[in-house]
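Structural overview for review
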Amino acid sequence: MKHEMKLNNGPFKNIKNGTKTIELRLNDEKRQLLKIKDLIEFTNRETLEQLLVEIENLYHYPSFEELYKHFDKVAMGYKEDEGADPKDMEEYYSKEEQEKYGVLGIEIKKVR
């Protein structure tokens, strides 16, 4: 199955160049449909460029705070010299949404 998701320019470029291998999302109804080996077509919100990836694994956590303990910050899209703070994800998903749905680390590999 192929899923479609939008991404900001920074994370899109990090997936394209191969440094970001874990996509962070809320485990809402849409993401609960994801399965290993499914494809995701990411569309860059700024340039509308598209990128196809395959889901290699799915990691479920109750919060981004828990998820961040298990992954390398560069794999999650941070630069080596940047601090990785789970509160950064509150820009996209409220604490209430995180408590309601839990969160998901989507391990991906670029297809094209």
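Check the entry above for the structure.
The structure contained in this document is the topic of the report that follows. Everything quoted here is computed from the prediction, not taken from an experiment. (Residues numbered from 1 in each chain as written. Predicted model: local features only at pLDDT ≥ 70, side-chain atom pairs only at ≥ 80, totals over all residues. Heavy atoms only, no water.)

Inspection of the secondary structure puts D85 in the loop between α2 (64–68) and α3 (95–101). For D85, a relative accessible area of 34% puts it in the partly exposed group. Residues D85 and K2, spaced 83 residues apart in sequence, show a C-alpha to C-alpha distance of 30 Å. Beyond its immediate stretch of four places on either side in the chain, D85 contacts Y68 and Y78. There is a polar contact of 2.9 Å between the side chain of D85 and the backbone nitrogen of K87. (Helix = DSSP H or I, 4+ residues; strand = E, 2+ residues; numbered from the N terminus. Buried < 20%, exposed > 50% of the residue type's maximum accessible area, 1.4 Å probe, protein only. Contact = heavy atoms within 4.5 Å. Polar contact = N/O pair within 3.5 Å; in protein donor to acceptor, adjacent residues only side chain to side chain.)

In this section: helix α1 (residues 9–16). Every α-helix winds through 3.6 residues per turn, so residues three or four apart in the chain are directed the same way. Along α1, the residues that are buried comprise N9, F12 and I15. End-on, the buried residues of α1 take up no more than an arc of 130°, which puts them together on one face. Taken from the residues just after α1, G18 is the one with a positive phi, measuring 90°. (Arc of directions from axis to C-beta.)

In this section: the pairing of strand β1 (residues 2–7). Alternating residues of β1 divide into H3, M5 and L7, all buried, and K2, E4 and K6, none buried. The pairing of β1 with strand β3 (residues 39–44) spans six bridges and is classified as parallel. Its bridge partner being in β3, K2 is matched across the sheet by L39. (Pairing = 2+ DSSP bridges.)

Among the six residues in β3, five count as buried, and that is most of the element. The hairpin formed by β3 and strand β4 (residues 50–61) contains five residues between the paired strands, and L48 there has a positive phi angle of roughly 65°.

The next thing to look at is the sheet that holds β3. Strand pairs in the sheet, formed through backbone hydrogen bonds, run parallel or antiparallel to each other. With mixed pairing, the five strands of this open sheet are ordered in space as β1-β3-β4-β5-β2. The open sheet has two free edges, formed respectively by β1 and β2 (22–26), since each of these has just one partner strand. Going from strand to strand, the sheet's axes swing by 40° on average, the running direction of each strand aside. As judged from the eight bridges shared by β4 and strand β5 (residues 103–110), these two strands associate in the antiparallel manner. The residue of β5 that forms the bridge with Y61 is V103. (Axes fitted to C-alpha atoms, helices over the stretch in contact; angles between N-to-C directions.)

By the secondary structure assignment, E23 is in strand β2. A distance of 3.3 Å separates polar atoms of two side chains, one belonging to E23 and the other to K20.

What follows covers the packing of aromatic side chains. Overall, the coordinates contain five aromatic pairs when judged by the stated rule. Each ring, one from Y61 and one from F71, has its centre 6.3 Å from the other, and the planes form 90°; the classification is edge-to-face. Separated by 10 residues along the polypeptide, Y61 in strand β4 and F71 in the loop between α2 and α3 bring together distant segments of the chain. Assigned by exposure class, Y61 and F71 land together as buried. (Phe/Tyr/Trp six-rings, centres within 6.5 Å; stacked < 30°, edge-to-face > 60°.)

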